[in-house]
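So you can see what is in the structure, the chains are spelled out below.
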Amino acid sequence: MRSVKRAVFGLAFVVLLPALSFAASRLPATDSILSSPSRFSEQTGDALFPEPAGIKPNIYFWIDVYTKYGTNQAVLHDMNNLSIRYEVVDFDKVFKHRASWKAKNRYLEKRKKYYKKLLLNLSRRNGKCKTADECRIKGLFAEQSGRKQYRDASRSIRGQFGLASRFREGLETSGMYLREMRVIFRSYGLPASLLALPHVESSFNIKAYSSRGAAGIWQFTRYTGKLFMKVDYTIDQRRDPLIATVAAAELLKQNYETLGSWPLAITAYNYGRGGMVKAKKRHGDDIVAIVKHFKSRGFGFASRNFYAEFIAAKTVSENPQKYFGPLNYKPQIKYDTVTLKHFIPADLLTGYFGYDAEHLKLLNQSLRRPIWNGTRRIPRGYKLKVPYGTAERFSRLYANAPKNRLHGKQLMPDYYRIRRGDTLSVLAHRFHTSIRKLQAYNNLSSRHRIYIGKKLRIPPAKYGGVRIARVSAPLRAIPKKVRASLSAHKQSPASSTVALNSAKTDTIRKISVSIIKPDINGYDFIRMRKNYGVIRVRPEETLGHYSYWSGASIKAIQRLNGWLWKKKIHHGQLIKIPLTRVKPQKFVANRYEYHLGLFEDFFASFKVERVESVVVSKGDSLWSICHRAKDTPRWLVALYNPDQKLDRLRLGQKMNMPVVEKR
């Protein structure tokens, strides 16, 4: 799912399903599933997943991308007609040494401009070629092509990196989970061929994370994932391949029951069920007509090609030796499952129980970074996966575990607002911690970067963590030259209750780099009243989030704000939040940790390469600007523009645009 809202448009009347956990008890016995006939068993594979002539060129293109071209190659092609391939760029030949992604993309942009020039020349001469390259390009088009065809083609040149090595790695990785995934899909009456989808979504990369916030092999966004799984700052079940497979089966089954066609149901996995319902009303079940003629802002290249990519991945994964030769499949992952009766720290598992931290992390992909660094405990009721054959030993040791390490509640940080005279050394002594831990917990590079009114997170008393290989990239993920370029931008106070000490002006100016990372002060209430507080909406926040964080219903929030119906909220808008069910600090903590989770997940996979100055043009919106900048997240743009009004952009307005690259 590469779109947060489109992926679930049309689910408004579906009752939210409880968080799913993969457990043997949920599924029928393996033998009974394997022996029971599938509801699709009477249909052939071609009947379920047709390959119409209209998308054959697309299928062949993606088969080549998956099997022929490596990650050090890129195909320059026409995005509307994938049979038109201008050039295959081999970066091993272009660069004498290993090149960065930045260098490769820069070179591709030069080649795109070159072919654009050739196509425009052909357009001006109505197809007459003068150079060898122009004649070669002309030969790729139909004989009757004229000015319009060449002009349109000059606007649709695209570069596609090869994925052969990643696809091969994905096939080998799939050996760890594929058998259980087949069992899950058969229990839902779904064809096993659908298990080619993770190769399309993530190349079966367990740690995959997209710039739009989609995670895991099935690439669930947070919004969609929370309909089926538990997704919060402690546990993210999207990252567990088997739990996410249960959720994917649920979603695909719902798509098929609504649309009645697998080509449409599969495309809906990317574009959204509601969008495909509209497409079906206009063009029927004809996937070719939908791909060629359905027009919608969100129905772009990825959605139009999604079914063809699936067929290509299905073709390759069903006959891998034809394309890759012998493969070294990883052995099926085996484990026992135990249910925790207490909240326990992760270091208890590696210390008292003696488990290997790396193995535990591999088995329990859904446990997030705060579990492993000691700022959270593994929740009570969590179905912990332990090495195969150790469940009995675990139960025996658990019964005699130290009582002071088995807890009845979650470990939560405290929040403290700085007063006059406070220093980090004073606070470290008061809260029985250290300056180093305070700095690490609040991402402070200097002990002097605090000011009166600022909120600090106080590390829990047991703040420690499991010694384990790096769980994620360091939070200080921005190059020094970028941080320096932002030092001139002063961060505005996050709350009207912050009283800044005038003597600290220079210090405040220096801490402006804190806009790089979410700061607890930026998520506080702007105003407080007896039973409610006022906040300013930030990107990626919805009424559903406010309801979850406050414990109040969406209708209660609507009534408090005087809305007669569900209103679409926008970034920068002021909203009243009822506080009759939770304390203000609890709401702020929930809100902050949501954004901190976005930040930590993003910078584990991406980095900010540079910051560019962008001038708003006519018709621009925050969405369109982020889309042009390789889908830079809106919440990240907001962090780089703390004083800007991004909900209503003005013509000529200047913005800081972080340019992100994959790690």
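Coordinates for the structure precede this section.
For the structure given in this document, a descriptive report is provided here.

Parameters and conventions
- All residue numbers here refer to positions counted from 1 along the written sequence of the relevant chain.
- Where totals are concerned, whole chains, interfaces and linings use all residues; where local detail is concerned, this predicted model gives features only for residues with pLDDT of at least 70, and gives and counts side-chain atom pairs only at 80 or more.
- To get the side-chain values, all heavy atoms of the structure are used, and hydrogens and water are removed first.
- Helix and strand definitions follow DSSP, with helices as H or I runs of at least four residues and strands as E runs of at least two, each counted in order from the N terminus.
- Should any heavy atoms of two residues lie within 4.5 Å, those residues are counted as being in contact.
- For the area figures, the Shrake-Rupley method with a 1.4 Å probe applies, and any residue is considered shielded solely by the protein chains shown.
- Detection works on a 1 Å grid of protein atoms alone, calling trapped sets that fit a 1.4 Å probe cavities and calling open sets with protein on both sides within 12 Å along at least five of seven lines pockets, with lining residues defined by an atom within 4 Å of a point.
- Grid points are joined across faces, edges and corners, and a volume is the space filled by probe spheres set on the points.
- All amino acids are sorted into three groups, where Ala, Val, Leu, Ile, Met, Phe, Trp, Tyr, Cys and Pro are nonpolar, Asp, Glu, Lys and Arg are charged, and the leftover types, Gly among them, are polar.
- Put simply, buried Ala, Val, Leu, Ile, Met, Phe, Trp, Tyr and Cys residues joined by side-chain atoms within 4.5 Å make one nonpolar core.
- Accessible area is worked out with a 1.4 Å probe on protein chains only. A residue is then buried under 20% of its type maximum, exposed over 50%, and partly exposed in between.
- Between rings of Phe, Tyr and Trp, where Trp is taken as its six-membered ring, a pair exists when centres lie within 6.5 Å; planes separated by under 30 degrees are stacked, by over 60 edge-to-face, and by other angles tilted.
- By the criterion adopted, a ring carries a charge over it if an Arg CZ or a Lys NZ lies within 6 Å of its centre and within 35 degrees of its normal.
- The definition used for a disulfide is geometric: two cysteine sulfur atoms within 2.5 Å.
- The salt bridge criterion pairs a side-chain nitrogen of Lys or Arg with a carboxyl oxygen of Asp or Glu, the two atoms within 4 Å.
- Each patch is built from residues that are more than 30% exposed by relative accessible area and take part in no salt bridge. Like charges join if they lie within 9 Å; nonpolar side chains (Val, Leu, Ile, Met, Phe, Trp, Tyr) join within 5 Å.
- All tallies of charge rest on Lys and Arg as positive and Asp and Glu as negative; His and the ends of each chain are not included.
- Charge coordinates come from a single atom per side chain, which is NZ of Lys, CZ of Arg, CG of Asp or CD of Glu.
- What counts as an axis is a line fitted to C-alpha atoms, over the stretch in contact for a helix, and the angles between N-to-C directions run from 0 to 180 degrees.
- Between 65 and 115 degrees an angle is taken as roughly perpendicular, under 35 as roughly parallel, over 145 as roughly antiparallel, and anywhere else as oblique.
- Helix crossings get a hand from a simple test, with the near helix turned counterclockwise from the far one by less than a right angle marking a left-handed crossing and a clockwise turn marking a right-handed one.
- Between any two strands, pairing holds if DSSP finds at least two bridges.

### Examining the overall build of the protein
- Counting its secondary structure elements, the protein contains 30 helices and 12 strands.
- Put simply, 73% of the contacts in the protein that link residues at least 6 apart link residues at least 24 apart.
- If you sum the accessible surface of the protein, you get close to 31700 Å²; carbon and sulfur atoms cover 50% of it.

### Some words on empty space enclosed by the protein
- Under the criterion given, the structure shown has three cavities of 30 Å³ or more.
- Taken as a whole, the second largest cavity holds about 50 Å³ of empty space.
- The wall of the second largest cavity is formed by Pro 518, Tyr 523, Arg 538, Pro 539, His 595, Trp 635, Ala 638 and Leu 639.
- In terms of residue count, helix 30 (residues 634-640) provides more of the lining of the second largest cavity than any other element does, three residues in total.
- Here the lining of the second largest cavity is built from residues that sort into six nonpolar, one polar and one charged.

### Here's the deal with the nonpolar core
- One finds Trp 218 and Trp 262 to be the most contacted residues of the largest nonpolar core, which totals 75 residues.
- Looking at this core element by element, the count peaks at 11 residues for helix 12 (residues 241-259).
- Of all hydrophobic cores here, the second largest spans 34 residues; its members include Ala 215, Ile 535, Val 588 and Phe 603.

### Focus on the packing of aromatic side chains
- The final tally for this structure, using the stated rule, is 39 aromatic pairs.
- Each ring, one from Phe 91 and one from Phe 95, has its centre 6.2 Å from the other, and the planes form 20°; the classification is stacked.
- According to the relative accessible area criterion, Phe 91 is buried, its value standing at 2%.
- Classification of Phe 95 by relative accessible area gives buried; the value is 19%.
- Relative to Phe 606, the ring of Phe 602 lies with its centre 4.9 Å away and its plane at 15°, an arrangement referred to as stacked.
- An aromatic cluster is present here, built from Phe 61, Trp 62, Tyr 66, Phe 167, Phe 301 and Phe 324 joined pairwise through their rings.
- For Lys 104, the ring lying beneath its charged end belongs to Trp 101, and the centroid distance is 5.0 Å.
- Positioned above the aromatic ring of Trp 623 is the side chain of Arg 297, whose terminal nitrogen or guanidinium carbon lies 3.9 Å from the ring centre.

### Brief notes about the environment of Lys 517
- Inspection of the secondary structure puts Lys 517 in the loop between helix 25 (505-510) and strand 8 (527-528).
- You can call Lys 517 buried: its relative accessible area is 6%.
- Each C-alpha atom, one on Lys 517 and one on Leu 639, is 7.2 Å from the other, the two residues being 122 residues apart in sequence.

### Details of the state of the cysteines
- By the definition in use, this model includes one disulfide.
- Here Cys 129 is linked by a disulfide to Cys 135, with a sulfur-sulfur distance of 2.2 Å. Since a negative S-S torsion denotes a left-handed disulfide, the Cys 129-Cys 135 link at about 85° is right-handed.
- Judged by relative accessible area, which is 28%, Cys 129 ranks as partly exposed.

### Details of the pattern of salt bridges
- Counted according to the given criterion, the structure contains 28 salt bridges.
- Between Arg 155 and Asp 152 there is a salt bridge, and its shortest N-O distance comes to 3.8 Å.
- Since its relative accessible area comes to 60%, Arg 155 is described here as exposed.
- Given the relative accessible area of 30%, Asp 152 is considered partly exposed.
- What you see here is one network of salt bridges that share partners, running through Arg 222, Asp 236, Arg 238, Arg 239, Arg 368, Arg 369, Glu 600 and Asp 601.

### Let's talk about helix 14 (residues 273-283)
- Among all positions of helix 14, only Arg 273, Gly 274, Gly 275, Met 276 and Ala 279 are buried.
- Tucked into the core, helix 14 has its buried residues touching helix 12, helix 13 (262-271) and helix 15 (287-293).
- Looking one or two places after helix 14, you find Gly 284, whose phi comes out positive at around 70°.

### Remarks on a positive patch on the surface
- A surface patch of like charges, here positive, comprises Arg 527, Arg 529, Arg 536, Lys 576, Lys 645, Arg 648 and Arg 650.
- One can find Arg 527 in strand 8.
- With relative accessibility at 37%, the residue Arg 527 sits in the partly exposed group.

### A word on the packing of helix 13 against helix 16 (residues 301-318)
- Two elements in contact, helix 13 and helix 16, have axes separated by 9 Å at closest approach and are oriented at 130°. In terms of orientation, helix 13 and helix 16 fall into the oblique class. The handedness of the crossing between helix 13 and helix 16 is right-handed. Between helix 13, through Pro 263, Ile 266, Thr 267, Tyr 269, Asn 270 and Tyr 271, and helix 16, the contact on the second element is made entirely by Ala 302, Ser 303, Phe 306, Tyr 307 and Phe 310.

### Some words on the sheet that holds strand 10 (residues 574-578)
- Judged by pairing direction, the sheet is antiparallel, and its three strands sit side by side in the order 8-9-10 without closing on themselves. Two strands in the sheet have a free side with no partner beyond their single neighbour: strand 8 and strand 10.
- Relative to strand 10, strand 9 (residues 532-536) runs antiparallel, the two being bridged by five bridges. In the sheet register, Val 534 faces strand 10, and the bridge partner there is Lys 576.

### Re unusual backbone geometry
- Of note, the phi angle at Asn 126 is positive, near 55°, even though the residue is not glycine.
- Considering the arrangement of structural elements, one finds Asn 126 in the loop between helix 5 (101-124) and helix 6 (132-138).
- Positive phi, close to 75°, is recorded for Glu 540, a residue that is not glycine.

### A short note on the sheet that holds strand 3 (residues 157-161)
- Read across the sheet, three strands follow the order 2-1-3 without closing on themselves; strand pairing throughout is antiparallel. Taken across any chain shown, the strands that pair with only one partner, and hence form the sheet edges, are strand 2 (85-90) and strand 3. Adjacent strand axes in the sheet meet at a mean angle of 20°, parallel and antiparallel pairs treated alike.
- Examined bridge by bridge, strand 1 (residues 73-78) and strand 2 share five bridges and lie antiparallel to one another. Bridging across to strand 2, Ala 74 finds its partner in Val 89.
- Lying over the sheet, helix 5 contacts strand 1, strand 2 and strand 3, oriented at roughly 145° with respect to strand 3.

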